[in-house]
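Below are the chains, spelled out letter by letter.
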Amino acid sequence: MPATVESLKAQAVEKTQLGDFGDPWFEGPLASWVHDLQSPALSEKGRSFFTRLAVNNLCRRLEVLECLKRDPEIGAVRIPPILYITG
């Protein structure tokens, strides 16, 4: 069965037992990802890998949002700018 936005989200909910995805802004990019999963240029192994990756990313989103709900003071922590030196 081809992946859908809803089926990927359902898999993440099942794995984490969490259901609050927060702001739905991510569903547009996720829909593009689902569309790309249907590409004939993608092997079954690749399709399986990228499907698992999408579900894992959704699980991470659920877990981060749950953590922020539990400990909202995390949002007040100031993160200093990062300096990268290359050369």
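In this text, all values refer to a predicted model and were calculated from it rather than measured experimentally.

Peer 1: Go over the overall build of the chain, please, and point to the residues and values.
Peer 2: When its secondary structure is counted, the chain shows three helices and zero strands. Listed N to C, the secondary structure of the chain is α-α-α in terms of helices and strands. In terms of overall size, the chain is more extended than a compact globule, its C-alpha atoms giving a radius of gyration of 16 Å where 87 residues would be expected to give roughly 12 Å. Each principal axis of the C-alpha atoms in the chain carries an extent, and together these give about 45 × 45 × 20 Å. Put simply, the chain has 87 residues, and 23% of those count as buried. If the 10 positive side-chain charges of the chain are averaged to one point and the 11 negative ones to another, these points end up 6 Å apart.

Peer 1: Outline the side chain of Thr-51, supporting the account with residue identities and numerical values.
Peer 2: Mapping Thr-51 onto the fold places it in helix α3 (residues 44-70). Residue contacts for Thr-51: discarding those within four places in its chain leaves Leu-8 and Leu-37.

Peer 1: Let's hear about unusual backbone geometry: which residues, and what values?
Peer 2: Its identity as a non-glycine residue notwithstanding, Gln-17 has a phi of 60°, on the positive side. Position of Gln-17 among the secondary structure elements: in the loop between α1 (5-16) and α2 (27-37).

Rules behind the numbers
- Residues numbered from 1 in each chain as written.
- Predicted model: local features only at pLDDT ≥ 70, side-chain atom pairs only at ≥ 80, totals over all residues.
- Heavy atoms only, no water.
- Helix = DSSP H or I, 4+ residues; strand = E, 2+ residues; numbered from the N terminus.
- Rg over C-alpha atoms; globule rule 2.2 N^0.38 Å.
- Buried < 20%, exposed > 50% of the residue type's maximum accessible area, 1.4 Å probe, protein only.
- Lys, Arg positive; Asp, Glu negative; His and termini not counted.
- Charge placed at Lys NZ, Arg CZ, Asp CG, Glu CD.
- Contact = heavy atoms within 4.5 Å.

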